[in-house]
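Single-letter residue listing:
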Amino acid sequence: MKVYATYNIKGGVGKTSAAVNLAHLAARSGHNVLLWDLDPQGAATYLFRVRPKVKGGSRALVDGTRSLDDAIKATDFDGLDLLPADFRYRNMDLQLDDMKRPTRRIHQLLRPFEGEYDVVFLDCPPSISLLSENVMHAVDTLLVPMIPATLSVRTFDQLSGFVDNFDGRQPQVSAFFSMVDGRKRLHRELVEQLSAERKGVLRTAIPALSIIEQMAEQRAPVTAFAPHSVAAMCYEALWHEVNGTIG
Amino acid sequence: MSANSRAFTKQGAVEIEAIAAALQPKFAITAGPEEAVSHTWLDTFDWRLHEAGISLEYLDDGPLIMQFPDGNRLQGPRPKKWPALLHDLPAGRLRDALDPIVAPRALLSVVTVQRAVRESRVLNADEKTVARLLTESSDDGTSRLQVQPLRGYEADADRIARLIARVDGLKASATTPYDDALTLATRSPNDQVQNLPAPLQPETPAPVAVANMLAQFAAVIDDNVAGTIAATDIEFLHDLRVAVRRTRSILKLAGDVLPANLAERFQPEFKWLGDLTTPVRDLDVYLVELDNMAAGLASADPRDLDPFRSFLVRHRSAERRRLVRGLRSQRFKQVMSDWRDELAKVAADSHGGPAATSLARQRIERAFRKVVRRGKRIAADSPSEDVHELRKRCKELRYLLEVFRPLFADAQYRPLIKELKALQDTLGDFQDGEVQREAVREFAAVMMEQGAAPPATVLAMGELAAQLDAHQLNARGALVGVLRPFLANENRDRIKALVRR
């Protein structure tokens, strides 16, 4: 089971779009996939038309009184299941803090799914918190969408440095440019330069396209409702690159 | 599992509009196109999936779909051809789910039917798919509709099924699509039951009872010849051997009730058949066990055993050629054909004589006495030959208990068979360890003679032999522990109660 998370400290950079499309592509290629929408805003949950409610909220999941298993919902797509968001996830930090090994809880919660799912995606809320630290300990690869700006790169460096200090198991940190505007020279230059120079920055970039925004109206991954669009092909290229990176 | 049925049948076509009307206003339907598909089902030769209530199927060139009794499904890629062993399937959840049920048997294509199929989605008020409806119509004019639940929406699937149950003309289905398709197959799980002779009755004349049970073993031998010759999976040969062994045991223990030297005439033939099948079966067992044993190596690298594995594979190929020649020989065909004829004559012509029950009582008592006599002499340091003899007597007792089981009450039988099985498992462990340890030594010698054994391989085989020694020591320790309860008064009383006239 490979665990991926889409994570960035900033909001609105394309985390959910990446998680939803990559999870759909993984399922389409025959994998059994689980997407856990950890963001209390529940954008991924909304996109899959699932109700953003988990019995007992995050407390019950975190302290183990309810099994994650019972909360999982099938999406409309074969092989792709969703663990929905719940507005009560906003308190997850406090609940994690009450646990014995507060930074390893998400990792423990996912362990029973080892035989059941081939791929797990965690769609994280934008923040740096106990939850994000948990996610970093739980994943094989942290996928970091970045808008092409010098400050984004600085955040990526900070994140890589933070993960490098982990004892034992360290996730791979893979950044990719997102919401790239081909008309802006700065965007083009930054994407070219950094993906060539920096280890951990992927070659595939996701352009800013209105069809990606249409996901909210269509309530489906762009790879499902417009499989031949440029956006869908970019996500496919990204999935191949990510999947190839860690085998 | 849901209490109400999620599968329905109808004479004539299922009108999707009628279903949609029944589901309103809570649910809407998005109907998919109707397609002509060929639908193929798979199972093992001994119907393990059917027995577990599971169907394994595919449509046209689609993926393999495993459907559980509660309607849940798993899917995965298909192997290139059938029959397929599990390792021919790509690794994944489907293979993992099949493994405990199917292995080591091969999956065979059982039946293919042409159907018109339509998959529709049932949506809730959020336009979320909460279940799928699968409608299939076949050439005979019947249609089948199945509500397939989606994870997390099982309650919706039940509600949908309840609403559909009210539609005119639809009946809850008592059979699965697999059951329906099997009525068109050349083989089916019911064949065995249908072909059985009349069940054993207490008053059945003993010669008829014995001839009937031997005829059943002969049918098992016949059934497994083609799969053994084709090497479809290793269980064909195993089942064939078990039937031969049972035949030999019954001939030895009760063959005297058959007329005019029948037992004496056929005993050497079945010994020949048993001996013919032994080498390949032994090699099958070594090859199956080798990976487990290799994983337990402490000093040697499991890869050091690769030349040993290759040697076993080569050796097996040679032995298999001999086995196949034997099974295709005129001698084998003649023996089986004469045997069936003779048994049929006995079953048709025998009247009178002792009843099956009195034969059963007498022979079970005698076999149990032999087990007790041999068992009492066994201690932790007894010679292996004595343990081997005890094992053979236990097998004979087991076969007798099994063939005469219909004559006795289940309550008397069950605890006895349970204790006997525990004893046989330990004896089997002991014997296998002994045989394998000797075989590893002999194989090592042959491989060295042939220059096929690099030093690392010989060392690894030495470690294997040591592992088997340790295993043997454990089995010896366990043996006395399981013998005691089997020989205890409680069991003797059970046998006494069974054979009391």
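Calculation criteria
Residues numbered from 1 in each chain as written. Chains lettered and ligands numbered in written order. Predicted model: local features only at pLDDT ≥ 70, side-chain atom pairs only at ≥ 80, totals over all residues. Heavy atoms only, no water. Helix = DSSP H or I, 4+ residues; strand = E, 2+ residues; numbered from the N terminus. Rg over C-alpha atoms; globule rule 2.2 N^0.38 Å. Buried < 20%, exposed > 50% of the residue type's maximum accessible area, 1.4 Å probe, protein only. Contact = heavy atoms within 4.5 Å. Areas by Shrake-Rupley, 256 points an atom, 1.4 Å probe, with all protein chains shown as cover. Lys, Arg positive; Asp, Glu negative; His and termini not counted. Charge placed at Lys NZ, Arg CZ, Asp CG, Glu CD. Salt bridge = Lys/Arg side-chain N within 4 Å of Asp/Glu carboxyl O. Pairing = 2+ DSSP bridges. Axes fitted to C-alpha atoms, helices over the stretch in contact; angles between N-to-C directions. Patch = residues over 30% accessible without salt bridge, like charges linked within 9 Å, V, L, I, M, F, W, Y side chains within 5 Å. Buried area = accessible area lost by both parts, 1.4 Å probe. Polar contact = N/O pair within 3.5 Å; in protein donor to acceptor, adjacent residues only side chain to side chain. Nonpolar A, V, L, I, M, F, W, Y, C, P; charged D, E, K, R; others polar.

1. Here's the deal with the overall build of chain A
Inference 1: Helix and strand counts for chain A stand at 13 helices and 8 strands.
Inference 2: In summary, chain A has a C-alpha radius of gyration of 17 Å against a globular reference of 18 Å for 247 residues, a match within 12%.
Inference 3: For chain A, the spread of C-alpha atoms along the principal axes amounts to about 55 × 40 × 30 Å.
Inference 4: By the burial criterion, 55% of the 247 residues in chain A qualify as buried.
Inference 5: Counting only contacts in chain A whose residues sit at least 6 apart along the sequence, the fraction spanning at least 24 positions is 78%.
Inference 6: On chain A, roughly 11,000 Å² of surface is accessible, and the fraction owed to carbon and sulfur atoms is 50%.
Inference 7: Computed over 28 positive and 29 negative side-chain charges, the inter-centroid distance for chain A is 3 Å.

2. As for the pattern of salt bridges
Inference 1: In this structure the tally under the stated criterion is 47 salt bridges over all chains.
Inference 2: The partner of Asp181 of chain A in a salt bridge is Arg183 of chain A, and the shortest N-O contact between them spans 3.2 Å.
Inference 3: By relative accessible area, Asp181 of chain A is classed as buried at 16%.
Inference 4: With a shortest N-O distance of 2.7 Å, Glu396 of chain B and Lys252 of chain B are connected by a salt bridge.

3. A look at the sheet that holds strand β7 (residues 129-137) of chain B
Residue and element names in this part refer to chain B.
Inference 1: A sheet is described by the order of its strands in space; here 9 strands give the open sequence β5-β4-β3-β2-β6-β7-β8-β1-β9, paired in antiparallel fashion. What marks the edges here is a single partner per strand, and that holds for β5 (73-76) and β9 (171-172).
Inference 2: In terms of strand pairing, strand β1 (residues 7-11) meets strand β8 (residues 142-149) through 5 bridges, oriented antiparallel. Residue pairing in the sheet places Ala7 in a bridge with Gln146 of β8.
Inference 3: Across the sheet, helix α4 (residues 154-165) lies against β1, β6 (108-123), β7 and β8, angled at about 155 degrees from β8, the strand it touches most.

4. Section: a positive patch on the surface
All names here are of chain B.
Inference 1: Together, Arg366, Arg369, Lys370, Arg373 and Arg377 make up a region of like positive charge exposed at the surface.
Inference 2: Along the chain, Arg377 turns up in the loop between α12 (356-376) and α13 (384-403).
Inference 3: Arg377 sits in the exposed class, given a relative accessible area of 55%.

5. Side note on the interface of chain B and chain A
Inference 1: Between chain B and chain A, the residue contacts involve 13 residues of the former and 16 residues of the latter.
Inference 2: Buried surface at the junction of chain B and chain A, both sides included, amounts to about 1,400 Å², of which 33% is carbon and sulfur.
Inference 3: For the chain B face of the interface with chain A, the top three residues by lost area are Arg93, Lys128 and Arg151 of chain B, together amounting to 48%.
Inference 4: Between Arg132 of chain B and Asp78 of chain A there is a salt bridge, and its shortest N-O distance comes to 3.1 Å.
Inference 5: Here chain B and chain A share 13 residue pairs in polar contact (both at pLDDT 80 or more) between them.
Inference 6: Partitioning the side of chain B that touches chain A into residue classes produces 2 nonpolar, 4 polar and 7 charged.

6. As for the environment of Asp181 of chain A
Residues and elements named next belong to chain A.
Inference 1: Summarising the element assignment, Asp181 is placed in the loop between β7 (172-180) and α9 (185-197).
Inference 2: Asp181 sits 28 residues away from Leu209 along the chain, and the two C-alpha atoms are 8.5 Å apart.
Inference 3: From its side chain, Asp181 meets the backbone nitrogen of Arg183 in a polar contact 3.0 Å long.

7. Concerning the sheet that holds strand β1 (residues 2-6) of chain A
Residue and element names in this part refer to chain A.
Inference 1: With mixed pairing, 8 strands are arranged side by side in an open sheet as β3-β4-β2-β5-β1-β6-β7-β8. With partners counted over all chains shown, the strands left at the sheet margins are β3 (73-74) and β8 (206-207), one partner each.
Inference 2: Looking at chain direction, strand β2 (residues 33-37) and strand β4 (residues 80-83) are connected through 4 bridges and run parallel. Looking at the pairing, Leu34 lines up with Asp81 of β4.

8. Quick word on unusual backbone geometry
Residues and elements named next belong to chain B.
Inference 1: Residue Pro25 is reached from Gln24 by a cis peptide bond, and omega for that bond is 0 degrees.
Inference 2: Here Pro25 lies in the loop between α1 (16-23) and β2 (28-43).
Inference 3: The step from Ala103 to Pro104 runs through a cis peptide bond, and the omega angle for that step is 0 degrees.
Inference 4: Note that Pro104 resides in the loop between α3 (93-102) and β6.
Inference 5: Of note, the phi angle at Glu127 is positive, near 60 degrees, even though the residue is not glycine.
Inference 6: The residue Glu127 is located in the loop between β6 and β7 in this model.
Inference 7: Look at Asn261: it is not a glycine, yet its phi comes out positive at around 60 degrees.

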